[in-house]
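# A look at the structure
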Amino acid sequence: LAAAVSHLSALGLTSAGDAGVVADDDRIYREFADQGKLKVRIYGMIRDMADDYDKLSAKGPLVGYGNDRYSLRAVKMYGDGALGSRGAALLSPYSDDHSHSGLLFMSNAVFQANAKKALKAGYQVNVHAIGDAANHQVLDGMEAAFKEVGGRQLRNRVEHAQVITLQDIPRFKQLDLIASMQPTHATSDMNMAEDRIGKERIKGAYAWQTLLKQGTVIAGGSDFPVESANPFFGLHSAVTRTDHEGKPINGWHPEEAMTLLQAFRAFTLDAAYSQHQEKTLGSLEAGKWADFIVVDRDIFKIPAADLWKTQVLQTWVGGERVYEAKR
């Protein structure tokens, strides 16, 4: 954990979400916070609804532990696998394997029961959903859960929300679900995504601008350690939809690219909002924690193609300098 915290500080991250906390993780986070060693704020999500859920949720959501360094107020569930391995659950077979549609990890009944249990206890529900079948299951399940136990106001999130049917996209707004998305997934997947799902389904995939235009909040992230934790790689992918060599020219499905301001907000204020922390984090304002970084260039004045090259010079958390680049 000490090595990870040091690494994240060097990349300019002042806060990170841990999407899968088990009992041992919780214990170590608390110890680090107690000892003043948690130099990155951690927003924790209990890993699934297994044995550790009952143990970790016994006293209800944990908010702002250790001088606001650690919170555990969400549950992370897993709806399906990944697109590259054809594990993502699709409503129709894969375009490059007509015998296979991926796999849902839970039945509709199990998902709804788990969601209701977590919502009733006051936990934000965050669900990994990549394929359009998994996203559809989450939308249906959350709608049913809200009708029975409430919890719509808990800012529930769909983690990844990569492939969504065009009919389901408006439901994100209707159900007040946050799209927790990782822009580098698009630039990592662009070499195979259209082969997997075809030209029609790709219209609802990595659909950042479509979601933003309807008023859906996008929380920007990286999905590290699957991808690099460097947030400037994410900003670059969000704005250009190209790799670091500028390919493809003009970007992959550029109509869904974000503006730099949209992407910057997704990685800062809206990410904080998705963690119930927009009143204390996410922007430089009086009354908020002095969490900020110093970088080597003004990202609003450089070519978008160079965003990924941004270097962090200093990282500050709560007014304390936790990283300084060697000169």
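This write-up is about the structure you can find in this document. (Residues numbered from 1 in each chain as written. Predicted model: local features only at pLDDT ≥ 70, side-chain atom pairs only at ≥ 80, totals over all residues. Heavy atoms only, no water.)

Bringing the pairing of strand β7 (residues 178–181) into the picture now. Residues I178 and S180 line one face of β7 and the alternating positions A179 and M181 line the opposite face, and both faces are buried. Both strand β6 (residues 157–160) and β7 contribute to a ladder of three bridges, which runs parallel. Looking at β7, one finds that R157 is bridged to I178. Crossover handedness for the path β6 to helix α7 (residues 169–174) to β7: right-handed. (Buried < 20%, exposed > 50% of the residue type's maximum accessible area, 1.4 Å probe, protein only. Helix = DSSP H or I, 4+ residues; strand = E, 2+ residues; numbered from the N terminus. Pairing = 2+ DSSP bridges. Right-handed = clockwise from strand over helix to strand, strands pointing away.)

This part is about the pattern of salt bridges. Applying the stated criterion across every chain yields a total of 23 salt bridges. Across the pair R41 and D291 runs a salt bridge, and its minimum N-O distance is 2.6 Å. Taken together, the residues span a long stretch of sequence, with R41 in strand β2 (residues 41–47) and D291 in the loop between α13 (269–273) and β9 (292–295) at a distance of 250 residues. D291 shares its class with R41; the two are buried. For K199, the salt bridge goes to E194, with nearest N and O atoms at 3.4 Å. On the basis of relative accessibility, which here comes to 23%, the residue E194 falls in the partly exposed class. By sharing partners, the salt bridges in this structure join D140, E143, D168 and R171 into a single network. (Salt bridge = Lys/Arg side-chain N within 4 Å of Asp/Glu carboxyl O.)

Turning our eyes to something else, we now look at the sheet that holds strand β10 (residues 312–317). Pairing is antiparallel across the open sheet formed by three strands, whose spatial order is β9-β10-β11. In the strand order of this sheet, the two ends are held by β9 and β11 (320–324), each with one partner. Adjacent strand axes in the sheet meet at a mean angle of 20 degrees when their direction is disregarded. Relative to β11, β10 runs antiparallel, the two being bridged by four bridges. Pairing of W316 across the sheet is with R321, part of β11. (Axes fitted to C-alpha atoms, helices over the stretch in contact; angles between N-to-C directions.)

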